[in-house]
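For reference, the chains in residue letters:
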Amino acid sequence: SEPIAYIIAKKEFWSLTFNVTKHTLIPRPCSETLVEVTLNEINNQFHQKSIKIVDLGTGTGCLLLSLIHSLNNNCLGFGIDQSKKALEIATQNAINLNLIDRVKFIHSNWIENLPIDQYDIIISNPPYIATNDIQSLDDTIKNFEPILALDGGIDGLDAYRIIANLNPPITNYLKENGFLILEIGYNQHKQVIKI
Amino acid sequence: LIEIGLAQEKRKEYVKQLQLIQEVSQHFQILLEILEKEKEVRELFETIPKVEEKELYDLASQELEEIKIKLLKQEKDVLVSLLTKDSLDSRSAFIEFRPGTGGSEAQLFALDMFNMIKAYAELKNWKFEVIEISYSEVGGIRDATVMLQGEGVFGKLKFESGVHRVQRVPETESQGRVHTSTMTLAVLAEADEVDIDLNEKDLRIDVYRSSGAGGQSVNKTESAVRITHLPSGLVVAIQDERSQHKNKARALQILKAKVFNLEREKLAQERQNARTQQIGSGARSERIRTYNFPQNRITDHRIGLTVYNLQGILAGELDELIDPLIEHSQELELGKIINE
């Protein structure tokens, strides 16, 4: 029961086609909400000036590239991932979508190798499934997709704790009116806010 | 600023009118030339002694006949160019296929019609995009929506809207009896922002949301979208492998076309009461054609046309039916103009 997306090695997201392999999480339709929300914030606040966006855990690059694709040519993207294989896929996707000159992919453990700067938006869809819950996931997920992109530790919230406790703090990397936009799991709302 | 806008609109109108006038005058010019030629040949013809120069006489006689035919055609061209063109004719269109009465046979017939339109699109070099299709167990279709893109699509396919009826021996029929079933085809001209502006407040957009833990814990494609146009009650639902973003965009396009089509139908109904000439009633439920397999014939009930090329037409030679319909429609239009 290998996922269709892996069989054909492609998945459509935000009306764009992305290459996927077993080293990348398959883009989920509901993650389009993150793109939508981010674009709304940009339109409301930044009025399409030149924006710099960072994507932590970029995977296929679908979130970052969908955003950059929707924005003007002055907007730049920085995609971070700890998996070199995932970055290869993301780079290929950027080339396919003609966005390679506006995005940079960086092999890094969170912000370790991210150029020090003040960015407008930082987004992330980090792993948020509790370790024990992974067994009860559908076979098409647990047997095929990269566990690293799913496993959020005992309570699923490890990634959010890491982000909240980065050194230097994540806020150093954001402009004063900048945004951190995160996808979170079901029922994690209150806890993530606390963190 | 508004005045500049109005002036630009007026200018566009003038340019359009000018083009129309140029077209008509071009046709008319050709007509005059043919009349000139006819006069020449006729004068020559009348000087040829019939018996002594039989060969020459016959030649001139034949040429005169040919000119007469050209003249008739050119007169018609001039008249047709005077007709107000249906501005929607040049547009792309959405086509919906739905089986009617007849169970699985109807579903199979709906698939035949689907393939017929697909083959026709190929011949015409139009882009045939399947927006949604759901197959039935027997291999027919439960419903399908496609988009045909190309110049003049709607003008050719607008007469396909209605109920198509098939008479044949179904594959499942063991005793060789002929069954009748139906399917409905709906052709909607693509609408743009100028035609229809859907107010966001009038729309209810339902997007698939997992009940319970979704997101990373689910990777089956659930990108279904359903949009309801509250004022009219029209609904478009798409569930398909594409992204939710794409499905929403497509659903909006189709909804626009449906709302636009509905308003046009209403207008046509109102006008119908004043004028009686039109091909068929245009009603969604009108039975427009019968496809009889044992007799290899297709009959279009609106113009009483029967052709014996069922296989060819199913394979895409639809012009055999469409051209007479267009011609008939033009004649009705001309009739209207002449009577006024």
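Because the structure is a prediction, the values reported are computed rather than measured.

Chemist: Requested: an account of the overall build of chain A, with residues and values cited.
Modeler: In terms of regular secondary structure, chain A is built from seven helices and seven strands. Secondary structure elements of chain A occur, N-terminal to C-terminal, as α-β-β-α-β-α-β-α-β-β-α-α-β-α. A principal-axis box enclosing the C-alpha atoms of chain A has dimensions of 45 × 40 × 30 Å. Across the 195 residues in chain A, those meeting the buried criterion constitute 51%. For chain A, the proportion of contacts with a sequence separation of at least 24, taken over those separated by at least 6, is 70%.

Chemist: Any chance you could break down the side chain of Asp300(B) for me, citing the residues and the numbers?
Modeler: Residues and elements named next belong to chain B. Along the chain, aspartate 300 falls in strand S10 (residues 297–300). Assessed through its relative accessible area of 0%, aspartate 300 is described here as buried. There is a polar contact of 2.9 Å between the side chain of aspartate 300 and the side chain of arginine 302. Aside from chain neighbours lying at most four places away, what touches aspartate 300 is Ile288, Arg289, Leu305 and Leu325.

Chemist: So what about the interface of chain A and chain B? Which residues, and what values?
Modeler: It is common to give the size of an interface as the accessible area that goes away when the parts come together. Between chain A and chain B, the residue contacts involve 28 residues of the former and 19 residues of the latter. Summed over both partners, the interface of chain A with chain B buries about 1700 Å², with 47% contributed by carbon and sulfur atoms. The interface formed by chain A and chain B contains one salt bridge. A salt bridge links Glu12(A) to Lys246(B); its shortest N-O distance comes to 3.7 Å. For the pair chain A and chain B, the number of links is 12 residue pairs in polar contact (both at pLDDT 80 or more).

Chemist: Talk me through the sheet that holds strand S3 (residues 52–56) of chain A; I want residue IDs and the actual numbers.
Modeler: All names here are of chain A. Strand order in the open sheet formed by five strands is S5-S4-S3-S6-S7, with parallel pairing between adjacent strands. Edge strands, defined here as strands with exactly one partner in the open sheet, are strand S5 (103–107) and strand S7 (174–182). Along the sheet, successive strands turn relative to each other by an average axial angle of 20°, direction set aside. Along the sheet face, helix H2 (residues 32–46) touches S3, strand S6 (119–124) and S7 and points at about 160° away from the line of S7.

Chemist: Could you give me a rundown of helix H4 (residues 84–96) of chain A, with the residues and numbers involved?
Modeler: Residues and elements named next belong to chain A. For H4, which comprises 13 residues, the first-to-last C-alpha distance of 19 Å matches the rise-based estimate of 18 Å (1.5 Å per residue) to within 8%. If you check which residues of H4 are buried, you get Ala86, Leu87, Ile89, Ala90, Asn93 and Ala94. Along the axis of H4, the buried positions cluster into a sector of 160°, meaning they face one direction only. Among the exposed residues of H4, those pointing more than 90 degrees away from its buried face are Lys84 and Glu88. Those residues of H4 hidden inside the fold are in contact with strand S2 (16–19), helix H3 (62–70), strand S4 (76–81) and S5. Looking at the residues trailing H4, positive phi occurs at asparagine 98, about 60°.

Chemist: Report on a nonpolar patch on the surface, specifying residues and quantitative values.
Modeler: A grouping of Ile4(A), Ile7(A) and Ile8(A) is seen on the molecular surface, where their side chains present a nonpolar patch of about 320 Å² in accessible area. Within the secondary structure layout, Ile4(A) lies in helix H1 (residues 4–8).

Chemist: Got a sec to walk through the pattern of salt bridges? Specific residues and values, please.
Modeler: Per the stated rule, a full pass over the model turns up 30 salt bridges over all chains. Close ionic contact of Asp117(A) with Lys52(A) constitutes a salt bridge, the shortest N to O distance being 3.0 Å. Residue Asp117(A) is found in the loop between S5 and S6, and its partner Lys52(A) is found in strand S3; the two are separated by 65 residues along the sequence. One salt bridge in this structure joins Glu96(B) and Lys258(B), with 3.0 Å as the shortest N-O distance. Of this pair, Glu96(B) sits in strand S1 (residues 93–99) while Lys258(B) sits in helix H5 (residues 244–272); the two residues are 162 residues apart in sequence, bridging distant segments of the chain. By relative accessible area, Glu96(B) is classed as buried at 7%. Using a relative accessible area of 17% as the deciding quantity, one classes Lys258(B) as buried. Each of Lys124(B), Lys156(B), Asp319(B) and Asp323(B) takes part in one network of salt bridges that share partners.

Chemist: So what's going on with unusual backbone geometry? Which residues, and what values?
Modeler: Most peptide bonds adopt trans geometry, and most residues besides glycine take a negative phi value. With an omega of -5°, the peptide bond between Asn167(A) and Pro168(A) qualifies as cis. Looking at the element boundaries, Pro168(A) is found in the loop between helix H6 (158–164) and S7. One non-glycine residue with positive phi stands out, namely Trp14(A), at about 55°. Tracing the backbone through its elements, the reader meets Trp14(A) in the loop between strand S1 (10–13) and S2. Using a relative accessible area of 10% as the deciding quantity, one classes Trp14(A) as buried. Look at Asn296(B): it is not a glycine, yet its phi comes out positive at around 55°. Note on placement: Asn296(B) falls in the loop between strand S9 (287–292) and S10.

Chemist: Give a description of the sheet that holds strand S2 (residues 127–135) of chain B that names residues and reports values.
Modeler: Within a sheet, neighbouring strands are paired by backbone hydrogen bonds and run either parallel or antiparallel to one another. All names here are of chain B. Taken together, eight strands build an open sheet; the order of strands is S2-S3-S1-S5-S4-S9-S10-S11 and the sheet is mixed. Strands at the two margins of the open sheet, each flanked by one partner only, are S2 and strand S11 (305–307). For this sheet, the mean angle separating the axes of adjacent strands, direction not counted, is 15°. As defined by bridge partners, S9 adjoins S10 across four bridges and the pair is classed as antiparallel. Bridging from a neighbouring strand, threonine 290 pairs with threonine 299 of S10.

Chemist: Describe the side chain of Glu145(A), and please don't skip the residues or the numbers.
Modeler: Secondary-structure assignment places Glu145(A) in the loop between helix H5 (139–142) and H6. Separated by 2.7 Å, the side chain of Glu145(A) and the backbone nitrogen of Ile26(A) make a polar contact. Reaching out from Glu145(A), the side chain makes a polar contact with the side chain of Arg28(A) at a distance of 3.0 Å. Contact partners of Glu145(A), with chain neighbours within four places excluded, come to Tyr6(A), Leu25(A), Ile26(A), Arg28(A), Thr140(A), Leu150(A) and Asn219(B).

Rules used in this analysis
- Residues numbered from 1 in each chain as written.
- Chains lettered and ligands numbered in written order.
- Predicted model: local features only at pLDDT ≥ 70, side-chain atom pairs only at ≥ 80, totals over all residues.
- Heavy atoms only, no water.
- Helix = DSSP H or I, 4+ residues; strand = E, 2+ residues; numbered from the N terminus.
- Buried < 20%, exposed > 50% of the residue type's maximum accessible area, 1.4 Å probe, protein only.
- Contact = heavy atoms within 4.5 Å.
- Polar contact = N/O pair within 3.5 Å; in protein donor to acceptor, adjacent residues only side chain to side chain.
- Buried area = accessible area lost by both parts, 1.4 Å probe.
- Salt bridge = Lys/Arg side-chain N within 4 Å of Asp/Glu carboxyl O.
- Pairing = 2+ DSSP bridges.
- Axes fitted to C-alpha atoms, helices over the stretch in contact; angles between N-to-C directions.
- Expected span 1.5 Å × (residues − 1).
- Arc of directions from axis to C-beta.
- Patch = residues over 30% accessible without salt bridge, like charges linked within 9 Å, V, L, I, M, F, W, Y side chains within 5 Å.
- Areas by Shrake-Rupley, 256 points an atom, 1.4 Å probe, with all protein chains shown as cover.

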